[in-house]
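Chain by chain, the residues run as shown.
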There are 2 protein chains.
Amino acid sequence: MGGTGAYITLSASYFLKNINLVSVVGGDFPKEHLEMLNEHGIKTEGVQIKENEKSFFWKGVYHLDMNTRDTLVTELNVLATFDPQIPEHYQESEFLMLGNLTPSVQISVIRQLRKRPKLIVLDTMNFWMQNTPDELAQVLTMIDVLVINDAEARELSHEYSLVKAAKKILAMGPKYMIIKKGEHGALLFHENNVFFAPALPLEEVFDPTGAGDCFAGGFIGYIAKTNDISYNNMKRAVVYGSAMASFCVEKFGADRLIDLTQEDIDERVNDFVDLVQFDISLVE
Amino acid sequence: MGGTGAYITLSASYFLKNINLVSVVGGDFPKEHLEMLNEHGIKTEGVQIKENEKSFFWKGVYHLDMNTRDTLVTELNVLATFDPQIPEHYQESEFLMLGNLTPSVQISVIRQLRKRPKLIVLDTMNFWMQNTPDELAQVLTMIDVLVINDAEARELSHEYSLVKAAKKILAMGPKYMIIKKGEHGALLFHENNVFFAPALPLEEVFDPTGAGDCFAGGFIGYIAKTNDISYNNMKRAVVYGSAMASFCVEKFGADRLIDLTQEDIDERVNDFVDLVQFDISLVE
């Protein structure tokens, strides 16, 4: 069990119900996985099932630091021809999370929504920077928050310093930008402000796959739940996203995300508070 | 201008005067550098000057991430035969920072102090782990706080996870351990507690040489100034150490540490507060 759509929506499902998933799978995708998503309150009417095709498949190996990886196999399969269709009752959606996919598909989803969502968050990757730079540049002007990792931020901006990279990328369209640094935490940039949330130091990292998607799901889930798109609330959302990502890596695939409790999440967020909390009274 | 002793004491000099430096230099060390240290309130009676020998010399290149480096030249010179002598009026010293050197020299300094300092902080490196493991193991039982970087923590503990590494190393003697991760911040471990302070995201990193020593100087300087060796105060000291390190990298060598003001430091510490500050009210 995996896939960007599953990771994002499962992670977000701990913050609110009424999540509308748009995606595509092949006939090989187990029906019980869709049912499990439904049980978490995730609507799947927007998930196309192409019975005679195969689901997207990715296989890779992680390096010792669990932060960098080599792709062994990528089979686009059903994603190669994905033409997303927004069901009519999805039209009331207020918050939109666009998972990493062809920018033209992301643009199509934005255009199909008659009322612009309150907040549009977008994930992308180096593949689109290299292969569809014009479409990527276009979608960047249509969104509010860009979420990418440090290597991608450097590639998109041609700057090594993440501070300089963020300035350049914010000038491309997004009002907010989150740079994920894996085990080294995440940075939130907005105008001249920067906020940093560390990753929790863990004894074991079992499988980092999907951690970025779980982060995104927790981030937008928290914002949707609190219905507050201010910078200060986004800082809290980054902490919740980091907490969700820290669960994700503890088991294989999305397994750890299936039966979390609110207590688990509160406890993890408290660990974050303990990790970074200090009070400074300036030295005389 | 550089050298562990200079970086540590200059950094600490912004928190207190009455700093007693023990070191050794060759006849090539400019006298005006010692005078500059004196002007910052640093006593140098414990600095031996070997007129017919050369000072320690290091030359290296930093990688693009400014976090890893290759050593091109290391000449121990005067350090090869260094036999530290503690001047009598240094005996009242209450806080001891042992810079990275042969463990036997570090042990000699501890033994020469008739009254044990309130807090002993030690820096070391992989060279001593490989070449003098027994002496290193011995000095670890004599100190309170160990400060090393992530690669060194992994080498000393034979654990990749820093959480596991810290547990093993705390069992070797130190009550507190700080793991420096360069641009990725620093972790403070004590019993089952962990505190994290990020490095400030900077537009430019000019020269990372000495950043670890500036961190150590700010850390022990803040603790000595506040005269409080509690875990909570150490968290604040880690933030002040990180602030001092962030100045260090802005110019070549120790140049940026020569004319800081209290306002510069307060402003930098406020930047740290802004960087990590958030308030969470747990979601219902």
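Rules behind the numbers
Residues numbered from 1 in each chain as written. Chains lettered and ligands numbered in written order. Predicted model: local features only at pLDDT ≥ 70, side-chain atom pairs only at ≥ 80, totals over all residues. Heavy atoms only, no water. pLDDT = per-residue confidence, 0-100. Buried < 20%, exposed > 50% of the residue type's maximum accessible area, 1.4 Å probe, protein only. Helix = DSSP H or I, 4+ residues; strand = E, 2+ residues; numbered from the N terminus. Arc of directions from axis to C-beta. Contact = heavy atoms within 4.5 Å. Least-squares fit on C-alpha atoms with pLDDT ≥ 70 in both. Salt bridge = Lys/Arg side-chain N within 4 Å of Asp/Glu carboxyl O. Phe/Tyr/Trp six-rings, centres within 6.5 Å; stacked < 30°, edge-to-face > 60°. Lys NZ or Arg CZ within 6 Å of the ring centre and 35° of its normal.

### Description of the confidence of the model for chain A
Next, step 1: For chain A, mean pLDDT is 91; residues scoring 70 or higher make up 96% of the total.
Next, step 2: With a pTM of 0.87, the predicted complex shows an ipTM of 0.80.

### Side note on helix α7 (residues 162-170) of chain B
Owing to its 3.6 residues per turn, the α-helix brings residues three or four apart onto one side.
Residues and elements named next belong to chain B.
Next, step 1: Here α7 has its buried residues at Leu162, Val163, Ala165, Ala166, Ile169 and Leu170. Axial view of α7: buried residues confined to an arc of 160 degrees, hence all on one face.
Next, step 2: Residues of α7 that are buried make contact with β7 (145-149), α6 (150-157), β8 (176-180) and β9 (186-190).

### Some details on the relation of the copies chain B and chain A
Next, step 1: When chain B is fitted onto chain A, the two copies agree to an RMSD of 0.0 Å after a turn of 180 degrees and an axial shift of 0.0 Å. Such values leave the two copies arranged in the relation of a two-fold axis. It is His184 of chain B whose C-alpha, among those of chain B, lies nearest the rotation axis, at 3.0 Å.
Next, step 2: Of the interface residues in chain B, 100% have counterparts in chain A that sit at the interface too, so the contact is made through matching surfaces.

### With respect to the pattern of salt bridges
Residues and elements named next belong to chain A.
Next, step 1: In the structure shown here, the tally under the stated rule is 20 salt bridges over all chains.
Next, step 2: Put simply, Asp144 and Lys175 hold a salt bridge, and the shortest N to O gap is 2.9 Å. One end of the pair, Asp144, is in the loop between α5 (133-140) and β7 (145-149); the other, Lys175, is in the loop between α7 (162-170) and β8 (176-180), and 31 residues separate them in sequence.
Next, step 3: Under the relative-accessibility criterion, Lys175 is labelled partly exposed at 45%.
Next, step 4: Through salt bridges with shared partners, one network takes in Arg116, Asp144 and Lys175.

### Quick notes on the packing of aromatic side chains
Next, step 1: In total, this model carries 13 aromatic pairs over all chains according to the counting rule given.
Next, step 2: Arranged with centres 6.0 Å apart and planes meeting at 85 degrees, the rings of Phe195 of chain A and Phe278 of chain B form a pair that is edge-to-face. Of this pair, Phe195 of chain A sits in strand β10 (residues 193-197) while Phe278 of chain B sits in the segment after α10 (262-276), which puts the two residues in different chains. There is no split in this pair, since Phe195 of chain A and Phe278 of chain B are both buried.
Next, step 3: When the ring of Tyr222 of chain B is compared with that of Tyr240 of chain B, the centres are 4.4 Å apart and the planes differ by 15 degrees; the resulting orientation is stacked. Taken together, the positions of Tyr222 of chain B in helix α8 (residues 211-226) and Tyr240 of chain B in helix α9 (residues 231-248) put the pair 18 residues apart, joining distant regions of the chain. Each member of the pair, Tyr222 of chain B as well as Tyr240 of chain B, is classed as buried.
Next, step 4: Every member of this aromatic cluster is reached through a ring pair, and the members are Phe15, Tyr222 and Tyr240 of chain A.
Next, step 5: Residue placement shows Arg154 of chain A over the ring face of Tyr160 of chain A; its charged tip is 3.8 Å from the ring centre.

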